[in-house]
Amino acid sequence: MDPRLIRNFSVIAHIDHGKSTLADRFLEMTGALQAREMEAQVLDAMDLERERGITIKAHPVRLHYTAKNGGKYVLNLIDTPGHVDFSYEVTRSLAACEGALLLVDASQGVEAQTLANAYLAVENNLEIIPVINKIDLPSAQPEEARRQIHEIIGLPGESAILCSAKVGTGVIDILEAVVDRLPQPAGDPDAPLKALIFDSWYDPYRGVVIVVRVIDGMLKKGAKIRLMAEKQDYIAEQLGVFTPKAVPVEELGVGEVGFLVANVKKISDAKIGDTVTETNRSAIEAFPGFKELKPMVFAGLYPVEGHEYANLRDALEKLRLNDASFFYEPETSVALGFGFRCGFLGLLHMEIVQERLEREFNVDLITTAPGVLYRVTTTDGVVHEIDSPAKLPDTGRIATVEEPVITAMVLTPSEFVGSILQLCQDKRGVQKSLEYLAAARVLITYELPFNEVVLDFYDKLKTISRGYASLDYHVTGYWASPLVKLDILVNDDPVDALSIIVHRDMAYDRGRALAAKMRELIPRQMFEIAIQAAIGGRIIARESVKAMRKNVLAKCYGGDISRKRKLLEKQKEGKKRMKRVGRVEIPQEAFLAVLKMGTDTE
Amino acid sequence: MLGLYVHVPFCAAICNYCNFNRGLFDATVKGRYVAALVREIDGGAEPVRVGSLPDAADTIYFGGGTPSLLSPDDVSAVIQACRRRYAMADGAEITLEANPESITPGLLDGFRHAGVNRISFGVQSFRDDELKRLSRVHDSARAARALADARAAGFDNISLDLMMWLPGQQVDEWLESVDRAIAVAPDHVSLYMLEVYPNAPLRDEMARSAWSQAPDDDVAAMYVAGMERFEAAGFVQYEISNVAKPARRSQHNLKYWTDGEWQGFGCGAHSTRRGARWKNVSGTDDYIERMFGGRPPAIEKRCLTVDERLGDALFTGLRLNDGINVAVLNARYAADIWRRYGADLQPFVDLGLLEVTPDRWRLTRQGLLLAHEVMAVFV
């Protein structure tokens, strides 16, 4: 195909700014789907994605568009995940494009995520077309959005296209701008094949489906190909494009976007960011930017019922088939029995995995408090990566502990600056910069311990800014920190699954707050329950759940014994959802108490 | 022997906390309802076989609703039907639930002549502020007078219901009701805790008026202190919620707690006989239509498994202060109940909630307060 007639682009937008609706409109107006075939928001294929209104996986769609200049163009819309947990996938999707639409909600204005992704697009040398969406809303302020695009992002605001994806206004103008303003793919058709993998998934019938953008050369059906990072050879058995239905093709040339099926068995063998080349005429260098994805957030997942362990293992195995960025290994807890230590890209990723396990695989889970990957150097000079409080060596053996640090960008209306700075300080942050980008819009950049962000930073940020501040972050390194393990004892027995790693200076407050929260969450039982927080065997806080004194003694109506029985059954059912540790029944949510501490203590 | 239960679903006013099967009184409907009751009793779910003796029964219990809204003639017609259909034991206990405000000396005399020999008054509280919050029509003076009138009419078996954990009620206020109940000298008292159902109008009123219920520890104190005061006044606690003077235990209610049999009549009435359990349709009109249309009123009939019957016998039996008779249940259900439940019950024994001897299991007073925790073992 003639690269002059190809345009590859993605849409950068904050959650809820209307990306999926705009994509639907593109499909409809280019005839890719008849209106009656459309299920609202076709691109978000997973239920979870549709429910949460976020895109987790990137899906490319080929649109056939006859422009006003008469040219018949192929526009490849490459969707990008909209959450910070998946920022690496965003960079790979952007790398597959020449341009991007920067979608801004006319009433919400520019948000941190838009800004962060706009920066990414600029770094990837993408041509950016600003689009102001939702101009049909009464609260729309397109001129203010224009000003923010200019002042905050630094793009010419007057070039922004006004549109309402919902009612269809301006959508053709956008397609025309994609044709006119975005560059055509530049690549050497005669060079050895170089195709960027920017998505892949597991299909039970075809194996791994790999989505590529051809940079140089030609990918031909039947060719012997090599995945450069894994150095594995395959045969390109099927090629195709998504219209959005899968349509087979014989070849994919420079600038084209499509899928490749090559009998790849495991999704971890076709890594996002890897390069496909020919075995016999290899590219000298892979496409730059490939990274091995590493999980950043770790938590224990345990079945509520011990005998569900095998089910949980099977479910994790199946999930992993489709999600190479998620990691798990068996772990044993004294309190919770057999389970798994799991690693995730971030908190959202963790929630998604948890929800899928419970929803699709029907496993009742106990999740322990999420933590990050610490780097501990022991006195013998060995460096250990610690993904669980239980693995922290004895204090005497520790030389140094380092914790991961993020660079966080917070974009906020200026009235909240004071309280946000206070929050960042409380979370042990180091201020990097503070810029007034436009009237009343401030960009605050901080280095923060990742652990603090994993705990409750985001919730607190949203609370103190009444939802207006937005956050984007990247892990940027490690720093040394005096970290200690905080243990929780229930009736004098330490409950390993409740231990957390905290900064020494905050351990006392955290311990008190955590014990207090546990007291709230553990229901009264037939005996008094002592809850203690301890650091290295020293008790720093004590709370108690008093013994329960009564059940309700109500009248039995006319010999209705069945009703009494139902009441008892209901009571028993309630207990099943709790985990028995020693004599004490601990409810599921208590294991995540550390995430909810802020709610009452402040 | 069988106990007979007769449901009367009419009330002069609907209380804001009640979720029993009841509706507002309507004279026409009442007439048809009583006729339907008589028809059900006469017909019986299982007609008497020719040549066989009728089933023996030794209690009749008119529950509601407000059974005292029936006329003495209505009550008499129902009792007569029972006597026709069942072999009623001499001196059978015949109870009528009554609301203090609907009672007069004339009515009491009428009920007595109809055959009623036990009256149970829904007093609930002897504090007028509390009665008002419960939207009760009567006040404490009326309750005391109703009791005196019943005595004067010749009733020697009078019960009253009291409730603790009322909105805004403190321990001392509860004990004031207890003392006044003792002062009016009933023969039997039922003490319940108010349970505010999720959709009870009282719940909204509590929210609007900022009334709250006392903390659990206080309610436990109310229960224990209340029981102690009744005992000091010559009553004996024989069941989790009931105290009685000697020989004045409720024979009818005991059937529920001693793995007995009972047959219910009227809308929403429950029956348990020969290992089966069923209930009648709840709606008053539905019930009347069925009875006059020749269709059976019973729904949801099911035979219990032996396990269910044993479980029910155990958890209901533990409501009694005497507890359960191990040998009787072992024999009746061919089981070794300690072997089966002992391990699950041991923690309660260790905590002093349950006393176990080879002959009997019984809950202590603390155990009675936490009875549901123990009873859940059996379901």
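Everything numeric here is computed off the predicted structure, so don't read it as measured data. (Residues numbered from 1 in each chain as written. Chains lettered and ligands numbered in written order. Predicted model: local features only at pLDDT ≥ 70, side-chain atom pairs only at ≥ 80, totals over all residues. Heavy atoms only, no water.)

A. Structural detail: the overall build of chain B. In terms of regular secondary structure, chain B is built from 15 helices and 17 strands. Taking 379 residues into account, the globule formula puts the C-alpha radius of gyration at 21 Å, and chain B, at 21 Å, falls close to it. Projected onto its principal axes, the C-alpha coordinates of chain B cover approximately 55 × 55 × 40 Å. Taken across its 379 residues, chain B has 55% of its residues classed as buried. Of the contacts formed within chain B by residues at least 6 apart in sequence, a portion of 71% connects residues at least 24 apart. Total accessible area on chain B stands at roughly 15000 Å², and carbon and sulfur atoms take up 51% of it. (Helix = DSSP H or I, 4+ residues; strand = E, 2+ residues; numbered from the N terminus. Rg over C-alpha atoms; globule rule 2.2 N^0.38 Å. Buried < 20%, exposed > 50% of the residue type's maximum accessible area, 1.4 Å probe, protein only. Contact = heavy atoms within 4.5 Å. Areas by Shrake-Rupley, 256 points an atom, 1.4 Å probe, with all protein chains shown as cover.)

B. Spatial organisation of the sheet that holds strand 12 (residues 238–242) of chain A. Residues and elements named next belong to chain A. Taken in spatial order, the eight strands of this open sheet run 11-10-16-7-8-15-12-13, and their pairing is antiparallel. Each of the sheet's edge strands pairs with one partner strand only, and the pair in question is strand 11 (232–235) and strand 13 (246–249). The mean angle between the axes of side-by-side strands here comes to 40°, regardless of whether they run parallel or antiparallel. As judged from the three bridges shared by strand 12 and strand 15 (residues 257–261), these two strands associate in the antiparallel manner. For Gln238, the partnering residue across the bridge sits in strand 15 and is Val261. (Pairing = 2+ DSSP bridges. Axes fitted to C-alpha atoms, helices over the stretch in contact; angles between N-to-C directions.)

C. The arrangement of the pattern of salt bridges in detail. Residue and element names in this part refer to chain A. Counted according to the given criterion, the structure contains 58 salt bridges over all chains. Taking the shortest distance from any N to any O, the salt bridge between Asp314 and Arg313 comes out at 4.0 Å. A relative accessible area of 34% means that Asp314 is categorised as partly exposed. Given a relative accessible area of 34%, Arg313 falls into the partly exposed group. A network of salt bridges, in which partner residues are shared, links Glu403, Lys427, Arg428, Glu452, Asp456, Lys460 and Arg510. (Salt bridge = Lys/Arg side-chain N within 4 Å of Asp/Glu carboxyl O.)

D. Structural detail: the interface of chain B and chain A. Of the residues lining the interface, 50 residues belong to chain B; the matching set on chain A comes to 29 residues. Summing both sides of the interface, chain B and chain A together bury roughly 3700 Å²; the carbon and sulfur share of this comes to 59%. Broken down residue by residue, the surface that chain B buries against chain A is led by B:His372, B:Glu373 and B:Val379, which jointly contribute 18%. Counting the contacts that link chain B with chain A gives five salt bridges. For the salt bridge of A:Lys575 with B:Glu373, the shortest nitrogen-to-oxygen distance reads 2.9 Å. Those elements giving two or more residues to the side of chain B that touches chain A turn out to be strand 1 (2–8), strand 8 (188–193), helix 8 (216–232), helix 9 (251–257), helix 11 (306–317), helix 14 (365–369) and helix 15 (371–375) of chain B. Here the side of chain B that touches chain A gets six residues from one element, more than from any other, and that element is helix 11 of chain B. (Buried area = accessible area lost by both parts, 1.4 Å probe.)

E. Layout of the side chain of B:Arg136. Residue and element names in this part refer to chain B. Considering the arrangement of structural elements, one finds Arg136 in the loop between helix 4 (128–133) and helix 5 (140–152). Among buried Asp, Glu, Lys and Arg side chains, Arg136 stands out as unpaired, with Glu101 the closest opposite charge at 5.0 Å. Of note is the side chain of Arg136, whose polar atom sits 2.8 Å from the backbone oxygen of Gly122. Apart from residues no more than four positions distant in its own chain, Arg136 is found in contact with Cys15, Tyr17, Asn99, Pro100, Gly122, Gln124 and Leu131. (Lys, Arg positive; Asp, Glu negative; His and termini not counted. Polar contact = N/O pair within 3.5 Å; in protein donor to acceptor, adjacent residues only side chain to side chain.)

F. Just the pairing of strand 17 (residues 360–363) of chain B, in detail. All names here are of chain B. Every second residue of strand 17 is oriented toward a common face, the buried set being Trp361 and Leu363 and the non-buried set Arg360 and Arg362. Relative to strand 17, strand 15 (residues 324–325) runs antiparallel, the two being bridged by two bridges. Residue pairing across strands places Ile324 opposite Trp361, the latter belonging to strand 17. Bridging between strand 16 (residues 354–356) and strand 17 involves three bridges; their strand directions are antiparallel. What sits directly across from Val356, in strand 17, is Trp361. The antiparallel hairpin formed by strand 16 and strand 17 contains three residues in its connecting segment.

G. A look at the packing of helix 3 (residues 87–95) of chain A against helix 4 (residues 112–123) of chain A. Residues and elements named next belong to chain A. Look at helix 3 against helix 4: their axes get within 10 Å of each other, and the N-to-C directions meet at 45°. By the angle between their directions, the pair helix 3 and helix 4 is classed as oblique. The hand of the helix 3/helix 4 crossing is right-handed. Where helix 3 abuts helix 4, its residues Val90, Thr91 and Leu94 lie against Asn117, Leu120 and Ala121. Tallied by class, residues from the contact of helix 3 with helix 4 come to four nonpolar, two polar and no charged. (Parallel < 35°, antiparallel > 145°, perpendicular 65-115°, else oblique. Left-handed = near helix turned anticlockwise from the far one by under 90°. Nonpolar A, V, L, I, M, F, W, Y, C, P; charged D, E, K, R; others polar.)

H. Examining the domain arrangement of chain B more closely. Residue and element names in this part refer to chain B. Along its sequence, chain B is carved into domain 1 (2–256) and domain 2 (323–378). Taken over C-alpha atoms, the centre of domain 1 sits 30 Å from the centre of domain 2. Residue-level contacts link nine residues of domain 1 with five residues of domain 2. Taking both sides of the interface into account, the surface hidden between domain 1 and domain 2 amounts to around 580 Å²; carbon and sulfur atoms contribute 70%. Three residues stand out in domain 1 for area buried against domain 2, namely Tyr223, Val224 and Ile240, and they jointly supply 63% of the buried area on that side. Scanning the region where domain 1 abuts domain 2 turns up one salt bridge. Note that Arg365 and Glu231 form a salt bridge whose closest N and O atoms lie 2.7 Å from each other. At the boundary of domain 1 and domain 2, one finds two residue pairs in polar contact (both at pLDDT 80 or more). Looking at which element gives the most residues to the side of domain 1 that touches domain 2, the answer is helix 8, with six residues. (Domains from an automatic or database assignment.)

I. Focus on the sheet that holds strand 17 of chain B. Residues and elements named next belong to chain B. With respect to topology, three strands assemble into an open sheet ordered 15-17-16, the strand pairing being antiparallel. Edge positions in the sheet fall to strand 15 and strand 16, since each has one partner strand and no second. Sitting on the sheet, helix 13 (residues 337–350) touches strand 15, strand 16 and strand 17, and the angle it makes with strand 16 is about 135°.

J. Broad picture of the environment of A:Ala186. Residues and elements named next belong to chain A. Its location among the elements puts Ala186 in the loop between helix 6 (171–181) and strand 7 (194–203). Since its relative accessible area comes to 67%, Ala186 is described here as exposed. Along the primary structure Ala186 and Gly255 are separated by 69 residues, whereas in three dimensions their C-alpha atoms are 7.3 Å apart. Setting aside residues no more than four positions away along its own chain, Ala186 makes contact with Glu98, Ile215 and Val254.

K. Molecular detail of helix 2 (residues 72–85) of chain B. Residue and element names in this part refer to chain B. Helix length check: helix 2, at 14 residues, gives a terminal C-alpha distance of 20 Å against a target of 20 Å (1.5 Å per residue), a fit within 8%. For helix 2, every residue scored as buried is listed here: Pro72, Asp74, Val75, Val78, Ile79, Ala81, Cys82 and Arg85. Each element contacted by the buried residues of helix 2 is listed here: strand 1, helix 1 (27–43), strand 4 (56–64), strand 5 (87–98) and helix 3 (105–114). (Expected span 1.5 Å × (residues − 1).)

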